[in-house]
Amino acid sequence: MSDPLPFAIRRPRLTLGLVLLAALVAAPGLTKLRLRTDGHALVPHDAPQVQIDRAIRAEFGLTDPIVVVLRSDGPDGIYNATTLSQLANLTRSLQQLEGVDPDDVSSLATEKSHRVRTGTLNFLDLLDPLPQTPAELTTLRDDVRRIDLYRGTLVSRDERAAAIYVGVREATERLPLYHRIRQVVQDCGIDPQTVHITGSPVAESLLGTHILEDLGVPVTLIDPRCASLSEPAARSPRDLESLRLWIAHHVGLLPIAIAVMTIVFIIAFRSLAAVALTWLKIVSCLIIVFGIMGWIGSPIYLTTAVIPVILIAIGVSDEVHLFNRYARRLADATPQNGESTSRWTSERAGHNLAAALGEVRRPIILTSVTTAIAFLSFVLSPLEPVRAFGLFTALGAMVCLAWALTGTPAAAVLLHPRWFHRANRSGETHSDRPSRLVRLGLAVARRPREVAGALVVVLGLASLGIGRVEIQDSWIDGFSPASRFHRDTRLFNDAFLGMHVLYVCVDTGAETLKGTLNESQIDHFALGLPGDLASDPASLIGRRVELSRDGPPPENNTIMTPVHTTRIKTAARQGDRIVVGIERLDGSPRFTMGIQKGELIRFEIRRRRLTDPTTLTAVRELERFLAARAEDRVGGALGPAAYVETTSYLARGRLDEARTIPKDASQLDFVWKWFANLRGPRRTRATIDADYARGIISVYMNHANFRDTARLIGAIRHYERDHLAPIGLSLSLAGDVAVSQALIAAIVSTEVRSVSLSLLGVLVVCVVITRSLKWGLLSILPCGLAVPINFAIMGWCGIPLGVATSMFAAMTIGIGVDYAIHFVERFRREQAAGLDAPDAVSRSLGVAGGGILIDALSVGLGFSVLMLSQVPANARLAIMVVASIATCLLATLCVLPVALLSRRIAADSVEPQNDS
C-alpha cells in the first residue's frame, strides 16, 4: 500500500485558501510601517556614549543643524551686495519656517557686531544695515576677519561661501523640514546650483528616501510634495556610478530582482507556471513578514530595508529543488512513441509531485531551519536594527518554508503537468546520461592532493588578507560619491572647519556652600562666614557670593534689591569665623538690600571656576591642543576660552594685545557679561552653564570616520589625564561623532557573536537531524571555508567592516550551508540505496548538482541586485554575499566530493530517515 498523499496535495484548494488568508490578515499592517534612519537608531540605547550625549544636549540645548551653504564664485566671493541680500532674505525666511525656532537659526545675518546703534547700547547685527557700497563691504569683510570666530563656521575659509545653520530639535520630522527648506530656497529665487544643503538631519532624510526608492516605492507616498527630492545626479547619468544611481532611483531594486529571478527560472525550468507559483509565494511571504512588522510597530531600519531582496533570493531555493525534482520525474515519465497518456492524469501528477516533495522535504526543512538559525544569531547583537534584521529575516525564512511545503504543492497540483514537464525525446532517463557538471565534479574529486594543496595556498593568502580588515564607517559613506548630498558635504568639509562636531564638555567641578548670616555678620564690604565652611580660607578667594533674604522683607523696607551678588577678594580666619572681603561691584549689600536688625540673610558661594583666569587659561590650552589635531581630521575648535578672547578683543577697542584672557577676575567677569549681551541667552547657554562650572568646546571635524575619531578621543583622554585631572578638571564627550564610536564595540560584538552562534547553531541542527557529528561537520565544511576566505577578500579589496558588512559572515553560513546539506543528504540516500562512494558522488552530482547550481545562481543574482543600491553599505554587503555564495558553491562541488571519497567516509553507509 502506497503512502498517502500529503494534505496539501489531497486538499489543494483548502490549503491554498488558508495560506492566502494568512497574507490577507497581515496585509493591513503594511499601512502602519514607518521609517527610522536617524543616527541614534544605529547605536545601542544603553551605551554610555548615548546617555552622556543625551544629558549634555539637554543641559546645553544642543541641536543637530541642517546647513544651507550659499556660494558665490565672483571675484569678491560672498562680499557683494547681491549675495549678502540673498543671505539675509534666506535667513529670515528660514526663521519663519514651521517647526523652526528663530533662535536656532544662525548666519552672518543673525550675529552681532561690536558696533552699537546710534544713541543706544544695542549691538547691531553684522548685516544691519545691509552693506551696499564697496567701502561698507570692505568694512564687513574686515570685521569678520578680525572677529575670526566666524571664518570656517559662518564664512568659508576662502570667503566664497556663507553658511546658515538651522537647528533641528529631536521631535522635529526631518524629511518634511528638509523639503520645506529646499522650497524656501526656490521661493527666494536663488540659483539652486549655488546652494548646497547638508547636515546629519539631511542624511537621515535622504537615507529614508533612498531606502524607499531602492524598494521601488515612490517617495511621494510619504509626502506628495517631496517630488523635488530627486537628485540631479540621478536624473542625468553620465558615468557608471551615476547610471547605477539612476537605475536604483527610477526603477527600484525589487522590480529588477523580480525580473532577474524570472529570467533565471525561465532558463532553468522553461516553465512559466514554476515562475508564477514562486512569485505567488514570495509576494505572499513579504506581505506576511512586513505586515507583522507593521502590526507590532517595528520600524524599517537601514538593515531591514534589504529584507525583501534577501527573501526573494533565499525564498526561491526551496522551489528550485522541488520543481527540479518534479520536472525530472515528469520528463522520465513522458509518453513515448504513442504510449498511453493515462500517466498524465491528475492523480499521476499528484503522485509525481508527492514523490518529488518527499525527496526534497528533509533537506529543504534542514536548510530553512539552518538559514533561520543563522539569521537569529543577530538577535543577540547590541544594535537594535541588526536584531530586527535577524528576527524578521529568520521569520521570513520560516514563512517561506511553510509555504513551500503547503501553498506551492497545493497550487502546483491544480495545474496540468504539461506546465512543468520538460520534453524528453531521447528515451533516456536523466540517470543514464552524465552531465558536464558530473564529469567536472568527478574529475576534481579524483585529485585530492591537488585540491588539498590549493586549499592550503588559499587559506594562507586568506590569513594575510584578514589582518588587513579595518572596522570603519562614516555616515557620509552611506551615500554614493555621485550623489548630490555627498558632493555638498565634501564641499562643506573642504571649505569650512568641518561638518562633524565632537562636543567636549569641560567640567570644573560643582560645589555650592550655603548658610545663613545675621545682620551683624554682614558689613558694608566684608562678611563673617562660619569657620567650618572651608578648611583653607584662601580657597574661597575669587568665588562669587549671592546674598538673598531668608524670608519676606520687613514691611517698612522700601529697597527693591532682593538679591546681591559680589565676589570674594580676600579671606582669613578670625576666631570661629572666616572673614572675607568682597568687591564693590554693586555697592554695599547692607545698603542695596536694606538689611535691618534681626534679619537673616541666606548666602550661596558657588565655585564658578570658568570665571577664574587660571582655570580658563587651562581650557584655552585644551582648545589649542584640539585645534592642532589636523591629523585626526580636526578643522578647528571653539570653546569658552576662544569666545572670551574674542569678546575681550571687541570690548577693549579691537587692540591685538587685548585678544587674551583677562588676568583679573573682575575684568573676566565683565567680559563674560559682554559675551552674554552679544550672543544672547540661547547661544550663551550652548557655550557655558548658568553656574560657570561647565563649558562646551565644539571640535569641528572634516571627513570624520571611526578610525580617526577613535585616535582623537584617545588623545583627548591622555591630555585629560596628564594636564587636567591634576587641577580638578574632567571631560565628557558628546555629539554624533562621539555616539558613533559606540558602534565600534557593537560591530565587533555583532561579528563575533553572529559567526560563533551561526556555526554552532547550524552544526547542532545538522548533527541532531543526521544523528552524526561527522555528517554535521561535513555539512558546514563549505561555509566554514567561505567565511575566512571572504574576510580575506574584504581585507585585500579594502572593504571596511561596518554595520552592513558585519552581517555577511552569518548570512554566508545560513545561505551557503544549504548547498552542502542538499549534496550530503543526496549522497547518504544513494549510499543507502546500495551505491558505493564514487557512484554515490556521481549520482549526487547528477541529481542534486543541477538544483544546487540553479539555487546558487538564483540566490547570487538575487543578491547582486543590491549592488545597484543607492546606499553603498548595502552594495558592499551584496558584493560580500555574492562572493560568499560563489565560494560555498565551489567548495560544495569541488571540496566536499573529495571529503566524501576519503576512505573513512566512503566506508560508512548510513541510511537517512525515509520521509517520502
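Owing to the predicted nature of the structure, the values given are computational and were not obtained by experimental measurement.

Draft legend 1. Region of interest: the overall build of the protein. Regarding its fold elements, the protein presents 32 helices and 16 strands. The proportion of buried residues among the 916 residues of the protein is 56%. Once local pairs closer than 6 in sequence are excluded, the contacts in the protein between residues at least 24 apart make up 79%. Working note: accessible area of the protein is about 37900 Å², and carbon and sulfur atoms make up 57% of it.

Draft legend 2. Focus on the packing of aromatic side chains. Taken as a whole and judged by the stated rule, the model has nine aromatic pairs. Seen from their ring centres, Phe-375 and Phe-389 are 5.8 Å apart, and the 75° between their planes marks the pair as edge-to-face. Pair noted here: Phe-375 is in helix α14 (residues 346–376) and Phe-389 is in helix α15 (residues 384–405), with a separation of 14 residues, a long-range link. Take Phe-375: its relative accessible area is 0%, and that puts it in the buried class.

Draft legend 3. Helix α21 (residues 613–627), seen in detail. Compared with an ideal rise of 1.5 Å per residue, which puts 15 residues at 21 Å, α21 spans 21 Å between its outermost C-alpha atoms and is within 8% of the ideal. For α21, the complete set of buried residues consists of Pro-613, Thr-615, Leu-616, Ala-618, Val-619, Arg-620, Leu-622, Glu-623 and Leu-626.

Draft legend 4. Representation of the nonpolar core in the model. Of all hydrophobic cores here, the largest spans 199 residues; its most connected members are Leu-108, Leu-502, Val-699, Met-811 and Phe-863. With 13 residues, helix α28 (residues 808–832) is the largest single contributor of residues to this core. In this structure, Leu-502 is in contact with Ile-697, Ser-698, Val-699, Met-701, Leu-712, Ile-716, Leu-733, Ala-734, Val-737 and Ala-738, ignoring residues within four places of it in sequence. Membership of the second largest hydrophobic core comes to 31 residues, among which are Ala-26, Ala-273, Ile-288 and Val-399.

Draft legend 5. Structural detail: the pattern of salt bridges. Considering all chains together, one arrives at 38 salt bridges under this definition. Its salt-bridge partner being Asp-53, residue Arg-57 comes within 2.9 Å of it at the nearest N-O pair. Here Arg-57 and its partner Asp-53 are both found in helix α3 (residues 48–60), four residues apart, which amounts to about one turn of the helix. Judged by its relative accessible area of 13%, Arg-57 is buried. Looking at Asp-53, the relative accessible area reads 0%, which means it is buried. Glu-111 is paired through a salt bridge with Arg-679; the nearest N and O atoms lie 3.2 Å apart. In this pair, Glu-111 is assigned in the loop between β2 (105–106) and β3 (112–116) and Arg-679 in helix α23 (residues 665–685), connecting sequence segments 568 residues apart. Just as Glu-111 is buried, Arg-679 falls in that class too. Because the salt bridges share partners, they merge into one network encompassing Arg-629, Glu-631, Asp-632, Arg-633, Asp-708 and Arg-711.

Draft legend 6. Representation of unusual backbone geometry in the model. With omega at 0°, the peptide bond leading from Asp-128 into Pro-129 counts as cis. Inspection of the secondary structure puts Pro-129 in the loop between β4 (123–125) and α5 (134–147). Unlike most non-glycine residues, Asp-148 shows phi in positive territory, near 70°. Its location among the elements puts Asp-148 in the loop between α5 and β5 (161–168). For Asp-148, a relative accessible area of 43% corresponds to the partly exposed category. A positive phi angle is found at Glu-159, which is not glycine, with a value near 65°. Assignment of secondary structure puts Glu-159 in the loop between α5 and β5.

Draft legend 7. Layout of the sheet that holds β2. Taken together, four strands build an open sheet; the order of strands is β2-β5-β1-β6 and the sheet is antiparallel. Whereas interior strands pair on both sides, the edge strands pair on one side only; in this sheet they are β2 and β6 (195–198). In terms of strand pairing, strand β1 (residues 64–71) meets β5 through eight bridges, oriented antiparallel. When the sheet's bridge partners are listed, Arg-71 is paired in β5 with Ala-161. Taken strand by strand, helix α6 (residues 174–187) contacts β1, β5 and β6, and its axis lies near 20° from that of β1.

Draft legend 8. Main features of the confidence of the model for the protein. Averaged over every residue, the pLDDT of the protein is 81; residues scoring 70 or more account for 85%. Low pLDDT, under 50, characterises residues 337–345; the stretch is placed with 14 contacts to residues that sit more than four places away or in other chains. Of the regions scoring below 50 in pLDDT, residues 909–916 engages in 19 contacts with residues more than four places distant in sequence or in other chains.

Draft legend 9. Expanded view of the pairing of strand β7 (residues 500–507). Burial analysis of β7 places eight of its eight residues in the buried class, the great majority of the element. Residue alternation in β7 divides its side chains into two sets, His-500, Leu-502, Val-504 and Val-506 and Val-501, Tyr-503, Cys-505 and Asp-507, and both sets are buried. Relative to strand β15 (residues 694–701), β7 is paired through eight bridges, and the arrangement is antiparallel. Following the sheet pairing, Val-501 is matched in β15 by Tyr-700. The sheet contact formed by β7 and strand β16 (residues 730–734) spans five bridges and is antiparallel. Bridge pairing in β16 links Val-504 to Leu-733.

Draft legend 10. Examining the sheet that holds β15 more closely. Here we have four strands laid out as an open sheet, ordered β14-β15-β7-β16, and antiparallel in their pairing. This sheet does not close on itself; its edge strands, each paired only once, are β14 (634–638) and β16. Strand-to-strand, the axes of this sheet are offset by a mean angle of 25°, without reference to chain direction.

Draft legend 11. Just a nonpolar patch on the surface, in detail. Side chains of Phe-7, Leu-14, Leu-18, Leu-21, Leu-24 and Val-25 sit close together on the surface and give an oily, nonpolar patch of about 570 Å² of accessible area. The biggest single contributor to the nonpolar patch is helix α2 (residues 12–26), with five residues. Structurally, Leu-21 can be placed in helix α2. Residue Leu-21 is classed as partly exposed on the basis of its relative accessible area, which comes to 45%.

Draft legend 12. Spatial organisation of the pairing of strand β10 (residues 544–549). Most of β10 sits inside the fold, with five of its six residues counted as buried. Here five bridges tie β10 to strand β11 (residues 563–574), and the two strands are oriented antiparallel to one another. Looking across to β11, one finds that Arg-544 is bridged to Arg-567. Looking at chain direction, β10 and strand β13 (residues 600–606) are connected through six bridges and run antiparallel.

Draft legend 13. The arrangement of the packing of α21 against helix α22 (residues 640–651) in detail. Two elements in contact, α21 and α22, have axes whose closest approach is 8 Å; the angle formed by their N-to-C orientations is 110°. In terms of orientation, α21 and α22 fall into the roughly perpendicular class. For the pair formed by α21 and α22, the contact residues are Leu-616, Val-619, Arg-620, Glu-623 and Arg-624 on the first element and Pro-640, Ala-641, Ala-642, Val-644 and Glu-645 on the second. Residue composition of the contact of α21 with α22, grouped by class: six nonpolar, no polar and four charged.

Draft legend 14. Region of the structure containing helix α7 (residues 200–214). Between its first and last C-alpha atoms α7 spans 21 Å; for 15 residues at 1.5 Å apiece the expected length is 21 Å, and the two agree. With 15 of 15 residues buried, α7 is to be regarded as a mostly interior element.

Cut-offs used in this document
Going along each chain's sequence as written, the residues are numbered from 1 onward. Only residues with pLDDT of at least 70 are given local features in this predicted model, and only at 80 or more are side-chain atom pairs given and counted; all residues enter the totals for whole chains, interfaces and linings. Based on all heavy atoms of the structure, the side-chain values leave hydrogens and waters out of the count. Elements are defined by DSSP. Helices are runs of H or I of four residues or more, strands are runs of E of two residues or more, and each kind is numbered from the N terminus. Summary of the burial criterion: residues with accessible area below 20% of their type's maximum are buried, those above 50% are exposed, and those between are partly exposed, where the area comes from a 1.4 Å probe applied to protein chains only. Here, residues are in contact when the closest pair of their heavy atoms is within 4.5 Å. Where accessible areas are quoted, they stem from the Shrake-Rupley method and a 1.4 Å probe; at the residue level, only the protein chains shown are allowed to cover. Each aromatic pair joins two rings of Phe, Tyr and Trp (for Trp, the six-membered one) with centres within 6.5 Å, and gets the label stacked for planes under 30 degrees apart, edge-to-face for over 60, and tilted for any other angle. Helix span is expected to be 1.5 Å times the residue number reduced by one. By nonpolar core we mean a set of buried residues, namely Ala, Val, Leu, Ile, Met, Phe, Trp, Tyr and Cys, connected to one another through side-chain atoms within 4.5 Å. Definition used for salt bridges: Asp or Glu carboxyl oxygen within 4 Å of a side-chain nitrogen of Lys or Arg. For two strands to pair, DSSP has to find at least two bridges joining them. Every axis corresponds to a line fitted to the C-alpha atoms, with the helix fit spanning only the stretch in contact, and the corresponding angles, defined between N-to-C directions, vary from 0 to 180 degrees. Scored from 0 to 100, pLDDT records how confident the predictor is in each individual residue. By definition, no residue in a patch forms a salt bridge, and every one has over 30% relative accessible area; like charges are joined within 9 Å, nonpolar side chains (Val, Leu, Ile, Met, Phe, Trp, Tyr) within 5 Å. Each angle receives one of four descriptions, namely roughly parallel if under 35 degrees, roughly antiparallel if over 145, roughly perpendicular if within 65 to 115, and oblique otherwise. Three categories are distinguished: nonpolar for Ala, Val, Leu, Ile, Met, Phe, Trp, Tyr, Cys and Pro, charged for Asp, Glu, Lys and Arg, and polar for the others, with Gly belonging to the last.

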